[in-house]
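For reference, the chains in residue letters:
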Amino acid sequence: MSNGTEIQCPSPFLNVLDFTDGGFIEGRVCQPVPGGLTCCLPCPMTQWAYPDSFETMSEAANWVSVVSTVGCVFLLLSWAVLPVDKTFRHYLSISLTTAVVFMNLGFVIPLAAQPEQCFDAITPNSMKTSSVCAASGMFIILGGWAGVLWVFLRALSLHLQICWQLVVGRNFMWFAQFVGWGIPGVGVILAFLLSGVSFRFGQTCHINHKNSLADLWIPLLVVSGITIIIQFATFGYCIKVYLASLADNSASTEGSNMPSYTNSIRTMTPKQAYRRVRRVIALQWRGIAIVLIIIADVIFFSVVFVFQDTTVEAVKNDSSIARPWAFCLLANGGDKEPCLELASALVVNMPTVGAVLFLLGMNGIWLCLLLGRWSMITGWRDLLLSSPNRSKREFVSVDARLDDLKKDTRSYEMLSRDDSGKVMEQSVTPSVVTPISPTLARSGMGSPAMDSHNQDPESGRRTPDFFGQTQRYHTPARSFSSPRPPQQPQQATVTWDPTESYARGQSPGVYSQDGNNPNNYVNPLGMNRL
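In this text the structure is predicted, and so the values were computed from the model without any measurement. (Residues numbered from 1 in each chain as written. Predicted model: local features only at pLDDT ≥ 70, side-chain atom pairs only at ≥ 80, totals over all residues. Heavy atoms only, no water.)

I'd like a rundown of the overall build of the protein, residues and numbers included.
Within the protein one finds 15 helices and five strands. For the protein, the proportion of its 530 residues judged to be buried stands at 38%. Taking contacts inside the protein between residues at least 6 apart in sequence as the whole, the part at least 24 apart equals 72%. (Helix = DSSP H or I, 4+ residues; strand = E, 2+ residues; numbered from the N terminus. Buried < 20%, exposed > 50% of the residue type's maximum accessible area, 1.4 Å probe, protein only. Contact = heavy atoms within 4.5 Å.)

Listed below in structure tokens is the structure:
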């Protein structure tokens, strides 16, 4: 007690005069009392406003973040090492996963470091008095900003592809990199300069109340709202296309050989548009689910934390709000258990806080389930198991199987003649002889001839030189590989020979000179003529 003050604050409250001005002064929960004293609630505040299981719940949420981080690292390593056909990597997925890793580090670092939450008995630590607090707060703000922006860019990319049929290319990629990492960097700087971070509840540092709405929460909620609008606009377009396809009875040219201008919205039939939209959704449904999950988490976290921050500030400014709870602590001699029900009016209830922490920690797990593929597992298996076997086969000599080859000479033959003129033994006979067998000698015209082999037994068996001689190409008569002048029609006139068919040799309508009909021909047009 300083200055020899004999009056002390009732338990469990502490006199502010007994402490220095170190730490985050604005984080103290103090109220003036009659007698000229200012009594403060011991640090940390969560120890008095929540049950003892709050710390266990917070630590469990941090361990969920550890599992989430491991899953995200597995995804990043798979995208970096494995081929594209195993991972289907994309810069939007890689950047979003990196942002979630940053957010998770804000919970993993305090779990590993186990920092002191309080500078003294009534004052919490801040980024100026704890490096762990500064790192934790920076990663949470950076990961939150980056996660929201990369989700926004993913929703925008999907909207441009489905609704406007635009192919997002390199320009959009560079724009996304600038927005997805530039704005979070600026957001972290503004948050640290204008607000700062400190231990608010749990072992993780969060942004302070001062200017936090302007430099963090409102911008995050605005970007999240725009993302939701874009996503639901895409859904609305998909529903419109689906309903139009149900009412369309026109024949579709898709799947036929007729030309169709499917790159134009105006010339595309409703059924064609529906098929295209359905294919895009079938490929992008994982991204759509990720957008909805992360946006819901960010909005939930923002609303809960803003409500918590506003409630604590209201208690500091109006002591009458916390008076019933304070009298309960005084009446029970500092025992918090009977007063927890009254404390629920001062802070966000524990199930809600736990839901926020667990949902934030599970973002990486959702990414593993939606962006991960079974082909990644098989790809790592092939990479780890095939490499030693491949290196072992590379160092096996070709002569290692010489003994096996000597046991059956018919299974291996050297059918070539080297430059020195050496010929293999004539006792070796090929097991199968075909018209293109290398055991047959090549004749002068380049075709195999058995007689030449029988006439010259000293020639040996030699592999035909298929590539050493240049063969003349004979253009077929009906070849259209080069332009040809049109052929002149033949001068001779093709006549019809009735003897080659079953037709009558004489025209049926011709009568002999004497008027008789030698063929007994009856004119069908005159058969009823009188």
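Summarise empty space enclosed by the protein; cite the residues concerned and give the values.
Evaluated as defined, the whole model comprises three cavities of 30 Å³ or more. Along the wall of the largest cavity there are 16 residues; nearest its centre are Ile 140, Gly 144, Trp 217, Leu 220 and Phe 301. Those elements giving two or more residues to the lining of the largest cavity turn out to be helix 4 (91-113), helix 5 (131-163), strand 5 (205-207), helix 7 (212-247) and helix 8 (270-317). Broken down by element, the residue count for the lining of the largest cavity peaks at four residues, all from helix 5. Classifying every residue of the lining of the largest cavity by side-chain character gives twelve nonpolar, four polar and no charged. Considered as a void within the structure, the second largest cavity measures approximately 60 Å³ in volume. In this structure, the second largest cavity is lined by Phe 54, Ser 58, Ala 61, Asn 62, Phe 107, Phe 201, Gly 202, Gln 203, Thr 204, His 206 and Leu 357. Its residues assigned to classes, the lining of the second largest cavity comprises five nonpolar, six polar and no charged. (1 Å grid on protein atoms, 1.4 Å probe; cavity = no way out; pocket = protein on both sides within 12 Å on 5 of 7 lines; lining within 4 Å. Points joined across faces, edges and corners; volume = space filled by probe spheres on them. Nonpolar A, V, L, I, M, F, W, Y, C, P; charged D, E, K, R; others polar.)

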